[in-house]
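Notes for the structure review
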Amino acid sequence: MTGNTEKENVSVDYFESGHRACGGCGPALAGKLIARAAGPNTIIVASTGCMEVFSTPYPETAWKTPWIHSLFQNAAAVASGVEASLKRQGRDEKVIVIAGDGATFDIGMLCISGMFERGHDVTYICYDNEAYMNTGIQRSGATPFDASTTTSPAGKLSNGNSRPKKDIPAILAAHGSPYVATTSIATPKDLMDKVKRALSIKGPCYIQVHAPCCTGWGFDGCKTMELGRLALNSGLWVNYEMVNGVVEKVKKVKRIPVDDYLKAQKRFRHLYRPQENKDEIAKIQAIADSNAQKYGIDIPVKK
Amino acid sequence: MLQITEGSHAVAEAVKLCRPQVVSAYPITPQTHIVERLAEMVADGDLNGEYICVESEFSALSSCVGASAAGSRVYSATTSQGLAFMAEVVFNAAGMRLPIVMTIANRALGAPLNIWNDQQDSIFLRDSGWMQIYGEDAQEAMDLHFIAYKLAERHDVLLPCFVCLDGFIVSHTFEPVDIPSQKEIDEFLPAFNPLHRLDAKNPMSFGMYATPDCYQEFRYEINAAMIRAKAAYREIAAEFKAKFGRDYTGLVEGYRLEDAETAIVAMGSICGTAKDAIDEMRDAGEKVGLLKIRSFRPFPSEEVRTALKGVKNIAVIEKNISIGSRMLGAVGLEVKDAVYKDSPNIFSYVGGLGGRDIRKRDIKQIVQWAKEGRNDCFFGLREELLK
Amino acid sequence: MALNVGAVAAPGHARNNKTGSWRVFCPTLDTAKCNKCGTCALICPEVCITLSGEFYSVDYDFCKGCGLCAEECPKDAITMKKEEK
Ligand SMILES: Cc1ncc(C[n+]2csc(CCOP(=O)(O)OP(=O)(O)O)c2C)c(N)n1
Ligand code: SF4
Ligand SMILES: [Mg+2]
């Protein structure tokens, strides 16, 4: 179930073929859907990372709307400047940031906090592939608990990444953002709806898109949507909307055990080999359970 | 109209007259009076622009990058630690060929922390692709802003520009300044006409990455623009002179260099003290003059060589230190390169770091040292503090 | 081709990079099974599946052969076949 009802013939794309993403790349799909939802009257600000690199080696840009990249960690500040400039010129283009989780959760926090606190009319979208993929799958603040990355490798003394994912949506909601949402490439219609909704709301909005990365997580590129669904169905990823700091719409699921999600990717392989690490898997299940409780995602079973 | 004004306020006045559409800056001593005054002007409606009250210098220059790319004339100001914090964006803005003008109220770089003047901060970014011009006093610092915008925005240049003035010495001193009228500046400086801009009606991608196939050519182009900036600067300064009567047409400026045997080379406010010292030495029959470097980037090698033709001893006063370099100072290295075919004696004398005063008698001593052939060294060191 | 000042470029250039050469498996559509729901086109990260005439078709200049369309097709109308090159 992809949640797809959109007829293709009515869609126009502002993201083009010929980009250099891996086959089945979740972020590439996110980029396409964001650009499609935003439409032509949009200026996109990008951070350094996979999406920037696969879409803009000079002069082969894949973007048909105005697009700008400056550095890894300053997209929010660049967007602040673009927005101020447009305002002063009386122009009506929308400003969108599309940045990786490393750029968002870690190195760009200063600029993001500034942009949200100042209240710029910018929609900041993080495509979350849960690590620094462009530089070779290093851990970020978005990397989930126990995932093995090249800088949080599983080993004799390590079960992979030792910390849970940082709650950036809550941090940005606490900045007074009028609209914070999470979504996934596995729910393309939801993703596009949330982009459109954010763009219709004045002020700094935030959307975090779960974007499975076949290369970094270790699964076949044909399974990208499936991985997104498994994350949602296990409760390790939750699609929700927060309006003025209050959680409103949440995607409900019939929950599956986290095992189904973990087993589908190599970054959690160490939890099952040489033998199943029940303790660690239980900790991950507890994260899913706590998400389920916090957001109320469980569809009640009829008795 | 002549007015007694603090240097910082003269700069703010100049910026206002240039009509920036976006101002983005973060306070740091001794730049604060400039941005406070600009914020006031925006609050009172005297400056019709957006003032982005950013959370850091890093965002100050980053937002200037965005605003400039979107087609606005932009302004920022900083110094020292703030400039170092911006450094990554400094290179980026030049590479993206965005004509940002930024005032640097020159200050020492820590550690140890020090808020007083030297020129280490702008000089350490000499290879970034920004033009760097230095004003000697409030009037010159002010006027260089008008020239800087016009120069940076020329399509055959398109490079950002630092307008440097010595922190406290110029920024916090009251001087009589002739402030042009808005009408005069509007006639001199037309509205910003970007070559490309972010625009949904004509979508372009900015800040793409370059592979080894073309990166080097982009760097070549930046350097070629910097070389073109020399002639462009002269043209614009000549226009300025014709309109306002003040002469900044030289990328360097000689003072009593005719028949000089010994010359001081310096940048910024120290030139004023040097001129006074030179007058006294000339009165005493010494053949000594000054070469003031107004533009450190682009570096005017030919002009330096021509101006110093026939000079036997050259003493470069360095308000910076290139640590680990044999010659000690970054300016001296450039001057030496300019004049090496004429084989004068040339020395770097490092001093005035972190706000240490350079007095007339220091200048005279330096002249003496150069005549004696004393090698590159510090001057004014407090020997009692050293082991 | 001379460089643009500041590495600025107009759209359209990405299409010079024919990513179809990466393909190992090739999607083929069985029009008898296809219900024209458009899922394949919606989720193709290469933006290379479009409606042409009655059915969706793949632009093989760009299709990298990731197989996402075949995997997601609710009618199993797309099969991945080894590329014959
Ligand atoms: C200041 C700075 N530090 C480090 C890097 C190296 N770097 C480039 S992209 C990147 C990781 C990007 O991660 P993310 O934002 O998650 O995007 P992804 O590549 O995963 O799509 C890093 C570490 C850089 N470009 N700049
Ligand atoms: S490494 Fe991951 S995010 Fe990067 S292009 Fe490949 S699939 Fe996409
Ligand atoms: Mg990432």
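Definitions and cut-offs
Residues numbered from 1 in each chain as written. Chains lettered and ligands numbered in written order. Predicted model: local features only at pLDDT ≥ 70, side-chain atom pairs only at ≥ 80, totals over all residues. Heavy atoms only, no water. Core = buried A, V, L, I, M, F, W, Y, C linked by side-chain atoms within 4.5 Å. Buried < 20%, exposed > 50% of the residue type's maximum accessible area, 1.4 Å probe, protein only. Helix = DSSP H or I, 4+ residues; strand = E, 2+ residues; numbered from the N terminus. Domains from an automatic or database assignment. Contact = heavy atoms within 4.5 Å. Donors = N, O, S within 2.8 Å, 3.2 Å for Na, K, Ca; no water. Buried area = accessible area lost by both parts, 1.4 Å probe. Salt bridge = Lys/Arg side-chain N within 4 Å of Asp/Glu carboxyl O. Polar contact = N/O pair within 3.5 Å; in protein donor to acceptor, adjacent residues only side chain to side chain. Right-handed = clockwise from strand over helix to strand, strands pointing away. Pairing = 2+ DSSP bridges.

With 94 residues, the main nonpolar core has Tyr 124 of chain A together with Val 304, Leu 308 and Val 335 of chain B as its most contacted residues. In terms of residues, this core owes the most to one element, helix α3 (residues 75–89) of chain A, which gives 8 residues. If you count residues domain by domain, this core takes at least three from each of domain 1 (2–244) and domain 2 (252–385) of chain B. For Val 304 of chain B, the residues in contact, after removing those within four places along its chain, are Val 252, Leu 291, Ile 293, Phe 299, Val 335, Ala 338 and Val 339 of chain B.

Turning our eyes to something else, we now look at the coordination of the magnesium ion (ligand 3). All names here are of chain A. Looking at the magnesium ion (ligand 3), one finds its protein donor set to be Asp 101 (OD), Asn 129 (OD1) and Ala 131 (O), positioned 2.0 to 2.1 Å from the metal centre. Counting residues between consecutive donors of the magnesium ion (ligand 3) along the chain gives the motif D-x27-N-x1-A. Taken as a pair, Asp 101 in helix α4 (residues 101–107) and Asn 129 in the loop between β4 (122–128) and β5 (154–155) lie far apart in primary sequence, 28 residues in all. By relative accessible area, Asp 101 is classed as buried at 1%.

By a widely used convention, the size of an interface equals the accessible area lost when the partners come together. Listed per partner, the contact involves 39 residues of chain C and 40 residues of chain A. Between chain C and chain A, the buried area comes to about 3,000 Å², and carbon and sulfur atoms account for 57% of it. It is Ala 14, Leu 42 and Val 47 of chain C that lose the most area in chain C upon contact with chain A, and together they represent 21% of the buried surface on that side. Between chain C and chain A we count 2 salt bridges in total. Among the ionic pairs, Glu 71 of chain C bridges to Lys 223 of chain A, the shortest N-O distance being 2.7 Å. Between chain C and chain A we count 16 residue pairs in polar contact (both at pLDDT 80 or more) in total. Every element with two or more residues in the side of chain C that touches chain A is listed here: α1 (39–43), β2 (49–52) and α2 (68–72) of chain C. Looking at the side of chain C that touches chain A element by element, the count peaks at 4 residues for α1 of chain C.

Below, the discussion takes up the pairing of strand β15 (residues 345–350) of chain B. In the case of a regular strand, side chains alternate between the two sheet surfaces. Residues and elements named next belong to chain B. Burial within β15 is extensive, with 5 of its 6 residues counted as buried. A crossover connection joins strand β14 (residues 313–318) to the parallel β15 through helix α11 (residues 330–339); in handedness this β-α-β unit is right-handed. Two elements, β15 and strand β16 (residues 377–378), share 2 bridges in a ladder whose sense is parallel. The partner of Val 350 across the bridge, within β16, is Phe 378. For the segment spanning β15, helix α12 (residues 360–372) and β16, crossover handedness is left-handed.

Geometric descriptors of this kind do not, in isolation, establish any biological role.
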